Amino acid sequence: MINSKMIAVMIAAIMILGQSIFAQVKKADKYSEIKIKTSSQCDMCKETIEKAMAFEKGVKTSDLDVKTKVLTVKYEAAKTTPEKIKLAISKVGYDADDVKADPKAYSKLSPCCQKGGHK
Ligand SMILES: [Cu+2]
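These figures come from a predicted structure and were not determined experimentally.

Asks: Any chance you could explain the environment of Thr61 here in plain terms?
Replies: Here Thr61 shows up in strand β2 (residues 59-65). Along the sequence, Thr61 and Tyr31 sit 30 residues apart, while their C-alpha atoms lie 10.0 Å from each other.

Now the structure itself:
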């Protein structure tokens, strides 16, 4: 016979199972990825930007494609936001999508790393 106690146990079991599935999904979803268009020019820029990303809180990995100037960043969504990441890029002197490079940082870049430096 099914009694209320059995139903309660079943509900509890379903809830525990559901939670563990939810936790797994959440874990897999821990890192988000964004692609940011930068104003980088060369391998030196790549180094500067990737170094800045290495020190940026919540950023797991970053990779700049020098040819396309697109920086791919893997970050922990709970610890940072795309806005913060773009700001960090701006602070080392490069445009990041719609966030313009910090003028002070930009002026300190080696001339070859400034816009048009390789033209
Ligand atoms: Cu450069």
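Read on, since the account is not over.
Asks: Any chance you could explain helix α2 (residues 43-55) here in plain terms?
Replies: An α-helical segment advances 3.6 residues per turn. Residues three or four places apart therefore align on the same side. The terminal C-alpha atoms of α2, which comprises 13 residues, lie 19 Å apart, in line with the 18 Å expected from a rise of 1.5 Å per residue. Looking at α2, one finds that the buried residues are Cys45, Thr48, Ile49, Ala52 and Met53. Summarising the axial view, the buried residues of α2 lie within an arc of 130°, below the 170-degree limit, and thus occupy one face. Exposed side of α2, more than 90 degrees from the buried face: Asp43, Lys51, Ala54 and Phe55 are the residues found there. The secondary structure elements touched by the buried residues of α2 are β2, β3 (70-76) and α3 (82-91).

Asks: Explain the pairing of β3 here, please?
Replies: Residues in a regular strand point their side chains to alternate faces of the sheet. Judged by which residues are buried, β3 turns out to be one-sided: Leu71, Val73 and Tyr75 face inward and are buried, whereas Val70, Thr72, Lys74 and Glu76, on the alternate face, are not. Bridge analysis of strand β1 (residues 31-37) against β3 gives seven bridges, and the strand direction is antiparallel. In the sheet register, Lys35 faces β3, and the bridge partner there is Thr72. Bridging between β2 and β3 involves six bridges; their strand directions are antiparallel. The residue of β3 that forms the bridge with Val59 is Tyr75. Hairpin geometry of β2 and β3 is characterised by an intervening segment of four residues between the two adjacent antiparallel strands and by a positive phi of about 65° at Lys69.

The rules behind the values
Residues numbered from 1 in each chain as written. Predicted model: local features only at pLDDT ≥ 70, side-chain atom pairs only at ≥ 80, totals over all residues. Helix = DSSP H or I, 4+ residues; strand = E, 2+ residues; numbered from the N terminus. Expected span 1.5 Å × (residues − 1). Buried ≥ 20, exposed ≤ 12 C-beta atoms within 10 Å, placed from the backbone. Arc of directions from axis to C-beta. Contact = placed C-beta atoms within 7 Å. Pairing = 2+ DSSP bridges.

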